[in-house]
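# Fold and contact review
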Amino acid sequence: MKNSHLWRKTKSALASAASFVCALLVIAPLALVFLHLLRSGASAVNWSFFTELPKPVGVAGGGMVNAIAGSFELLGLAALVGVPVGVFGGVYLAEYGTVRGNWLLRFVADVLNGVPSIIWGVVVYGLVVLRFKSFSAYAGGLALGFIMIPLIMRTTEEVLLLVPAGYREASLALGISRWKTIVHIVMKTAIKGIVTAILLALARVAGETAPLLFTAFGNRFWNHDLSEPIAALPLQIFSYAISPYDDWHRQAWAGALVLVVMIFFVNILVRFLTRERVARVL
Amino acid sequence: MPIAVAPERPAVRSTIDRMAPPSGLGDKVFKWFTLAMALAVVALVFLVGWQLARGSSLAIHRFGFHFLATSTWDPVAEQFGALPFIYGTAVSSLIALIIAVPLSIATAVYLTELAPLWIRQPIVSLIEMLAAIPSVILGLWGIFVMIPWLRDHPFPFLKKIFGWTPFFSGPIYGVSMLAGGIIIAVMILPIITSVSREILRSVPNLQREAAYALGATRWEVTRIAVLSYAKKGLFGAVILGLGRALGETMAVTMVIGNTPQIRASLFAPGYTLASVIANEFTEATTDVYLQALFEIGLVLFGITILANLLAQLLLKTMGSTIKSGAVQ
């Protein structure tokens, strides 16, 4: 009986069924979180959420316009750091270097990718906040930018390697110099993929809270000077979530819904825009 | 998401290097510029190490190795020991791995070996969406949905059945080491699943075909030809997940209870290395306090770097095994 064909077939079917249940369990949290976000968040998202500053405790209403704007400002600053370093580092990995040297650089980038985001907060605190004696938007942007570097570098490399070698050879055969070939032929061909890599990295750091806790710090008002503390959506969600007030909890759910919708939107957009080949690499 | 296993690289670069070695000023400048950018990753590793060591030099000098072995955390008396946090990080990550590893690997197996083709891509997309949910939002859900549910249903049930063991005894608050472990598990499910999936996909089809030719069933093919072949890579995926679990901050901070104590019961609140930094950094009023938190950061950086080094080594050498395996 134990090794009969029927028993082996049954065992195979049982394994399929069990692994299917595991797959369902893995995506269950997504469904649970998203449904709850819609239920608790949708009722609190309204016009004033996008146009008003946070109200003090006890005053109903108010919004997070400063935090939404602050998040975008921080992302802009982060891009200033992360994009040039990440993209051109990726160019080096794809176009120059030796096999062994690049293996090592790739290795270091992947290890760096695993550094907990809170550590970046501590490092930038020591590097910027202590030196200039103030929490600032610059510090927050720098911390997020550091996180983006290895992400963008590795995906840019993968995207550039998809450009057929014939393009490079054809360009070089015309006597065009190496760097012009890279910039005008290789990078231009892969521009969609590079933009995708940048967008995905931005979507990833847009939800980061830990590196901003003691760099950007948060702010209940508008930030008029980037060397001052600035509000950010994830920070605001965190401080409202751990507060004892029901009103603020509702605001936290609203903020969470807005943040998740923005992040999902970028992720889905990116997957629509890119060709199948690029999408697989990312 | 960078791919874990390096894909086959076209051998065109050497031809191009021979055809057009970098020449002229423009080429030189561009090459050195991109090299400098690529070296930034190396510089960043040193920058992190240096900043953390510099920020904690006084604390290291003052507490020495006792810092890692003392369990008093008393900012008022300026007594600092990291043991409760090391314990909390270890236990919560262990719980997370116990929950997440079987689920993720089974899901990866389902997605590469057993599932009908049409269902694979939708599930992969959903897992990518789960990975995109920010930690703070998972924590928000944890506080208001998961904790109340755990407190009212699964926790009393566990206590009734396993209450005689020290791990499931004592009062139930909801916020607890177990809740922290569960939320970390949710955070690392997507990464272990997607890396495991890449690993399984890189197993050469020849392996499967050989087993099918011997008359094996689908599950037998998976077990004998695929899983045993991919063991090393799957271990790498698990260690990578461990690295993420150790450093997970926001969601854990919101559900673990943030109490620096060492209790056998998993229902008791705990504290992790990452969450003590997140919670107390801006409150650190004295120099020693801040220094101690920097040192906690140094410890956390040390163990996550070790975990990631090990994981990447396993994953990258798995890639080369595959290549040599394909040649045979």
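Residues numbered from 1 in each chain as written. Chains lettered and ligands numbered in written order. Predicted model: local features only at pLDDT ≥ 70, side-chain atom pairs only at ≥ 80, totals over all residues. Heavy atoms only, no water.

We now examine the overall build of chain B. Along chain B, the regular secondary structure elements total 14 helices and two strands. Dimensions along the principal axes, computed over C-alpha positions, put chain B at roughly 70 × 60 × 30 Å. Of all 328 residues assigned to chain B, the portion counted as buried reaches 54%. Within chain B, counting contacts between residues at least 6 apart in sequence, those at least 24 apart form 73% of the total. With the model as given, the accessible surface of chain B reaches about 14,100 Å², and the carbon-plus-sulfur share is 69%. (Helix = DSSP H or I, 4+ residues; strand = E, 2+ residues; numbered from the N terminus. Buried < 20%, exposed > 50% of the residue type's maximum accessible area, 1.4 Å probe, protein only. Contact = heavy atoms within 4.5 Å. Areas by Shrake-Rupley, 256 points an atom, 1.4 Å probe, with all protein chains shown as cover.)

Our next topic: the overall build of chain A. The secondary structure content of chain A amounts to 12 helices and zero strands. When the elements of chain A are put in sequence order from the N terminus, they spell out α-α-α-α-α-α-α-α-α-α-α-α. By principal-axis analysis of the C-alpha atoms, chain A measures approximately 70 × 70 × 35 Å. For chain A, with 282 residues in total, the buried portion stands at 59%. Within chain A, contacts between residues separated by at least 24 positions form 74% of all contacts whose residues are at least 6 apart in sequence.

The subject of this paragraph is the packing of aromatic side chains. Evaluation of the coordinates by the stated rule reveals 30 aromatic pairs over all chains. Plain terms: the ring middles of A:Y125 and A:F135 are 6.3 Å apart, the flat faces sit at 45° to each other, and that makes the pair tilted. Here A:F135 lies in the loop between helix 5 (117–132) and helix 6 (137–161) and A:Y125 lies in helix 5, a separation of 10 residues in the sequence. Assessed through its relative accessible area of 12%, A:Y125 is described here as buried. Pairing A:W253 with B:F144 gives two aromatic rings, centres 6.2 Å apart and planes at 55°, and the pair type is tilted. On the criterion of chain membership, the pair formed by A:W253 in helix 11 (residues 246–273) and B:F144 in helix 7 (residues 135–152) is interchain, its members lying in two chains. (Phe/Tyr/Trp six-rings, centres within 6.5 Å; stacked < 30°, edge-to-face > 60°.)

Turning our attention to the pattern of salt bridges. What the rule picks out here adds up to 14 salt bridges over all chains. For A:R154, the salt bridge identified is with A:E158, shortest N-O distance 3.6 Å. With A:R154 and A:E158 both in helix 6 and four residues apart, this pair spans about one turn of that helix. Residue A:R154 is classed as buried on the basis of its relative accessible area of 3%. For A:E158, a relative accessible area of 6% gives the class buried. Each of A:R106, A:D110, A:R154, A:E157, A:E158 and B:K316 takes part in one network of salt bridges that share partners. (Salt bridge = Lys/Arg side-chain N within 4 Å of Asp/Glu carboxyl O.)

A few words on the interface of chain A and chain B. The interface is formed by 94 residues belonging to chain A together with 86 residues belonging to chain B. Between chain A and chain B lies a buried interface of about 8,300 Å² when both sides are counted; carbon and sulfur atoms form 77% of it. When the buried surface of chain A facing chain B is broken down by residue, A:V26, A:L30 and A:R178 rank first, second and third, together holding 8% of it. The interface formed by chain A and chain B includes three salt bridges. Close ionic contact of A:R8 with B:E220 constitutes a salt bridge, the shortest N to O distance being 2.8 Å. Connecting chain A to chain B are 10 residue pairs in polar contact (both at pLDDT 80 or more). (Buried area = accessible area lost by both parts, 1.4 Å probe. Polar contact = N/O pair within 3.5 Å; in protein donor to acceptor, adjacent residues only side chain to side chain.)

What follows concerns a nonpolar patch on the surface. All names here are of chain A. A grouping of F20, V21, L24 and L25 is seen on the molecular surface, where their side chains present a nonpolar patch of about 330 Å² in accessible area. Here F20 shows up in helix 1 (residues 5–42). When its relative accessible area of 30% is taken as the criterion, F20 is described as partly exposed. (Patch = residues over 30% accessible without salt bridge, like charges linked within 9 Å, V, L, I, M, F, W, Y side chains within 5 Å.)

Let us look at unusual backbone geometry. Leave glycine aside and you will find that most residues have negative phi; peptide bonds, for their part, are mostly trans. Here the phi dihedral of A:K133 falls at roughly 55°; this positive angle occurs in a residue that is not glycine. Within the element layout of this structure, A:K133 appears in the loop between helix 5 and helix 6. Phi is positive for B:N258, close to 50°, though the residue is something other than glycine. In this fold, B:N258 is placed in the loop between helix 12 (250–255) and helix 13 (273–280).

On to the environment of A:E73, then. Residues and elements named next belong to chain A. With respect to the secondary-structure elements, E73 resides in helix 3 (residues 65–95). A relative accessible area of 30% means that E73 is categorised as partly exposed. In sequence terms E73 and F146 are 73 residues apart; their C-alpha atoms lie 16 Å from each other. Setting aside chain neighbours within four positions, we find E73 in contact with N223, L226 and I230.

Let's shift gears to the packing of helix 6 (residues 117–132) of chain B against helix 9 (residues 177–201) of chain B. Residue and element names in this part refer to chain B. One way to put it is that helix 6 packs onto helix 9 with a least axis distance of 8 Å and a crossing angle of 135°. Here helix 9 runs oblique to helix 6, going by the angle between their axes. Where helix 6 crosses over helix 9, the two elements pack in a sense that is left-handed. For the pair helix 6 and helix 9, contact is made by V124, I127, L130 and A131 and by V186, P190, T193 and R197, respectively. When the residues that make up the contact of helix 6 with helix 9 are grouped by side-chain class, the tally is six nonpolar, one polar and one charged. (Axes fitted to C-alpha atoms, helices over the stretch in contact; angles between N-to-C directions. Parallel < 35°, antiparallel > 145°, perpendicular 65-115°, else oblique. Left-handed = near helix turned anticlockwise from the far one by under 90°. Nonpolar A, V, L, I, M, F, W, Y, C, P; charged D, E, K, R; others polar.)

Grouped burial of nonpolar side chains is what soluble globular proteins tend to show. Ranked by internal contacts, the top residues of the largest apolar core, which has 200 residues, are A:I118 and B:W73. Per-element tally for this core: the top contributor is helix 14 (residues 287–327) of chain B, with 16 residues. Once residues within four sequence positions are removed from consideration, B:W73 is found in contact with B:F67, B:Q79, B:F80, B:G81, B:F85, B:P260, B:V276, B:E280, B:Y289, B:A292, B:L293 and B:I296. (Core = buried A, V, L, I, M, F, W, Y, C linked by side-chain atoms within 4.5 Å.)

What follows deals with the confidence of the model for chain A. Residue-level pLDDT values for chain A average 91, and 96% of them are 70 or greater. Looking over chain A, one finds the lowest element-wise mean pLDDT in helix 12 (residues 276–281) of chain A, namely 52, and the highest in helix 3 of chain A, namely 96. (pLDDT = per-residue confidence, 0-100.)

We now examine the side chain of A:H36. Topologically, A:H36 is positioned in helix 1. Judged by relative accessible area, which is 16%, A:H36 ranks as buried. Look past the residues within four positions of A:H36 in its chain and what remains in contact with it is A:G41, A:W253, B:W141 and B:V145.

What follows covers the environment of A:V261. All names here are of chain A. Inspection of the secondary structure puts V261 in helix 11. Among the residues examined, V261 registers a relative accessible area of 43% and is labelled partly exposed. With 227 residues separating them along the chain, V261 and F34 place their C-alpha atoms 9.8 Å apart.

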